[in-house]
Amino acid sequence: MTMNRVARLVKRPAPGLVTPECFEIADEAVPEPGDGEFRVRAEYVSLDPAMRGWINEGKSYVPPVSLGEVMRAFSAGTVEASRHPDFKEGDQVVGLFGVQTHAISDGTRVQKVDPEIAPLQSWIGGLGMPGLTAYFGLLRVGAAKEGDTVVVSAASGAVGSLVGQIAKLKGCRAVGIAGGPEKCRALIEEDGFDAAVDYKAGDLGAQLDAACPNGIDVDFENVGGDILDAILPRMNPFGRIAVCGLISAYTATSLPPGPKNIRFVLTMRLKMQGFIVFDFAEDNATALADLGQWVKAGKLRLREDVREGGVDAFVDTLNLLYTGGNFGKLSLKV
Ligand code: NDP
């Protein structure tokens, strides 16, 4: 008999990587849709760095996942039973369906996807939340314009790779920071960045100086910590820092030191703004039209890292994000 394989949060994690005992993974009965609902057979569960924050208690932009609740996640799948007027069997959809194989939805914030533009898994990646994050963060928060030098950290990942490619489409100089020679090679040879900086190779400041001879106008900050500290003194007057993520701190076991070079925010009159992709939700359709067009025209390359192992592999696969084990948009085939 078909069962719903599901991961429920049962314990809050200690600081550090996520540990398996935080989740109970079990088979449950496949739920039946009620009136106005449909059931999705999930195929790809999106693994996102924010998940580490979602399972912590405390103030944030969304309430934490409750103990006993199905782990929150975006996923992409196919409608397999429907009592909803707008969704029919066979529709391919993306939504917050959780870490499970079968989910019930009433259609709230569910998006139908067009497989003609890109395959299903791309709609949780370049044409989903990470794509929208890159687009709004770079163009709205970072206000990148032609001629700017844009630096992005975690550059080989889901968001970062798109930031660099969109920066190039807009006539900017794109510089990516990533860990290791293979990721740095791919940034230049496959994604078209102008320069790449390997933060694991040492002397980040000298590498940034070489990669950004005219200084930095926009920092798309995905990492924080030492990387942000190396970028701050190299920012040009009136530069913008779009704070998208601070992944170096997500699994830290002690409070990281504050930015040492914060004085450059003052002396260079920088604008530093955090943002959450949902802040721009009313403009998602415009952004998706642009992103979809670029993908279809072959102007935007989507690097995807799809892992096998199903729901049972959730914790181990998620931790790849915090150790640099992924290369591109990470998702789990379920
Ligand atoms: P990625 O695909 O970029 O994967 C994470 C990458 O981060 C790793 O591959 C690793 O690359 C790098 N990384 C991890 N730890 C460190 C560290 N200590 N120092 C330097 N680099 C590190 O993930 P996403 O593209 O999904 O997310 C990127 C960032 O964007 C995250 O900070 C995330 O929280 C943020 N984000 C924010 C959103 C918002 O609305 N504000 C929405 C979506 C994402 P490497 O091998 O190069 O070290």
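From a predicted model like this one, the values you see are computed outputs, not experimental measurements.

1. Structural notes on helix H10 (residues 314-323)
For H10, the tally of buried residues reaches seven of 10 residues, placing the bulk of the element in the interior. Listed in full, the buried residues belonging to H10 are Phe314, Val315, Thr317, Leu318, Asn319, Leu321 and Tyr322. Next to the buried residues of H10 lie strand S2 (23-28), helix H1 (51-54), helix H7 (247-250), strand S14 (304-307) and strand S15 (329-333). Note on H10: the residue one or two positions beyond its end, Gly324, has a positive phi of about 75°.

2. Regarding helix H9 (residues 284-296)
What sets the pattern is the α-helix's 3.6 residues per turn: residues three or four places apart point alike. For H9, with 13 residues, the first-to-last C-alpha span of 18 Å sits near the 18 Å given by 1.5 Å per residue. Those residues of H9 lying buried are Ala287, Leu288, Leu291, Gly292, Trp294 and Val295. All buried residues of H9 project into a common sector of 160° when viewed along the axis, lining one side. Opposite its buried face, H9 presents the exposed residues Ala285, Gln293 and Lys296, each directed more than 90 degrees away. The inward-facing, buried residues of H9 abut strand S7 (111-112), helix H2 (129-141) and helix H3 (158-169). Just downstream of H9 lies Gly298, where phi reads positive at about 75°.

3. Notes on the packing of aromatic side chains
Within this structure, the stated rule accounts for eight aromatic pairs. Through successive ring pairs, a cluster of aromatic residues spans Tyr135, Phe136, Phe220, Phe275, Phe280 and Trp294. Across from the ring centre of Trp54, 5.4 Å away, lies the NZ or CZ of Arg72, which sits over that ring. Positioned above the aromatic ring of Phe87, the side-chain terminus of Lys112 is 5.2 Å from the ring centre.

4. Description of empty space enclosed by the protein
Enumeration over the complete set of coordinates arrives at one cavity of 30 Å³ or more. Counted as a void, the largest cavity has a volume near 60 Å³. Lining the largest cavity are Gly125, Gly126, Pro130, Gly157, Ala158, Ser161, Leu162, Leu302, Arg303, Glu304 and Lys329. The greatest single-element share of the lining of the largest cavity, amounting to three residues, is contributed by H3. Of the residues assigned to the lining of the largest cavity, the class counts are four nonpolar, four polar and three charged.

5. So, unusual backbone geometry
The phi dihedral of Arg109 falls on the positive side, at around 55°, and the residue is not glycine. Within the fold, Arg109 resides in the loop between strand S6 (102-105) and S7. By relative accessible area, which is 71% here, Arg109 ends up exposed. You will see that Ala143, though not glycine, has its phi angle at about 45°, which is positive.

6. Structural notes on the layout of surface pockets
Counted as a void, the second largest pocket has a volume near 540 Å³. Lining the second largest pocket are 24 residues; nearest its centre among them are Phe74, Gly95, Arg109, Phe278 and Asn284. Elements supplying a minimum of two residues to the lining of the second largest pocket: strand S5 (92-95), S6, H2 and H9. Ranked by the residues each element gives to the lining of the second largest pocket, the list is headed by S6, at three residues. Partitioning the lining of the second largest pocket into residue classes produces 15 nonpolar, seven polar and two charged. Taken together, domain 1 (3-125 + 302-333) and domain 2 (129-278) each give at least three residues to the lining of the second largest pocket, which thus spans both.

7. Concerning the domain arrangement of the protein chain
Taken domain by domain, the protein chain comprises domain 1 (3-125 + 302-333) and domain 2 (129-278). Counting residues at the interface gives 19 residues for domain 1 and 20 residues for domain 2. Of the roughly 1600 Å² buried between domain 1 and domain 2, counting both surfaces, carbon and sulfur atoms make up 66%. It is Tyr61, Arg303 and Phe327 in domain 1 that bury the most area against domain 2; as a group they hold 32% of the surface buried on that side. One salt bridge in this structure joins Arg303 and Asp191, with 3.1 Å as the shortest N-O distance. Taken together, the links from domain 1 to domain 2 amount to six residue pairs in polar contact (both at pLDDT 80 or more). Across the side of domain 1 that touches domain 2, the residue classes break down as 10 nonpolar, five polar and four charged.

Scoring rules and cut-offs
Position numbers for residues start from 1 in each chain and track the written sequence from start to end. This being a predicted model, a pLDDT of at least 70 is required before a residue's local features are given, and a value of 80 or more before pairs of side-chain atoms are given or counted; all residues contribute to the totals for chains, interfaces and linings. As a convention, hydrogens and water are excluded, and side-chain values are obtained from all of the structure's heavy atoms. Buried residues are those whose accessible area, probed at 1.4 Å on protein chains only, stays under 20% of the maximum for their type, while exposed residues exceed 50% and partly exposed ones sit between those limits. A run of H or I in DSSP becomes a helix once it reaches four residues, and a run of E becomes a strand once it reaches two; helices and strands are each numbered from the N terminus. Every residue pair with non-hydrogen atoms within 4.5 Å of one another is taken to be in contact. Each residue after the first adds 1.5 Å to the expected span of a helix. Here the arc refers to the directions that run from the helix axis out to each C-beta atom. Pairing of aromatic rings covers Phe, Tyr and Trp, the last through its six-membered ring, and needs centres within 6.5 Å; plane angles under 30 degrees mean stacked, over 60 mean edge-to-face, and all others mean tilted. Definition used: whenever NZ (Lys) or CZ (Arg) falls within 6 Å of the ring centre and also within 35 degrees of the ring normal, the charge is taken to sit over that ring. Only protein atoms enter the 1 Å grid used here, on which a cavity is any set of points holding a 1.4 Å probe that cannot leave and a pocket is any open set flanked by protein within 12 Å on both sides along at least five of seven lines; residues with an atom within 4 Å of a point are listed as lining. Grid points are joined across faces, edges and corners, and a volume is the space filled by probe spheres set on the points. Any residue that is not Ala, Val, Leu, Ile, Met, Phe, Trp, Tyr, Cys, Pro, Asp, Glu, Lys or Arg is counted as polar, Gly included; the first ten are nonpolar and the last four charged. Boundary definitions for the domains trace back to an automatic or database domain assignment. Buried surface area refers to the total accessible area, computed with a probe of radius 1.4 Å, that the two partners give up upon joining, counted for both partners together. For this document, the term salt bridge refers to a Lys or Arg side-chain nitrogen within 4 Å of an Asp or Glu carboxyl oxygen. Pairs of N or O atoms are called polar contacts if they sit within 3.5 Å, as long as, within protein, a hydrogen donor faces a hydrogen acceptor (for residues adjacent in sequence, only side-chain-to-side-chain pairs).

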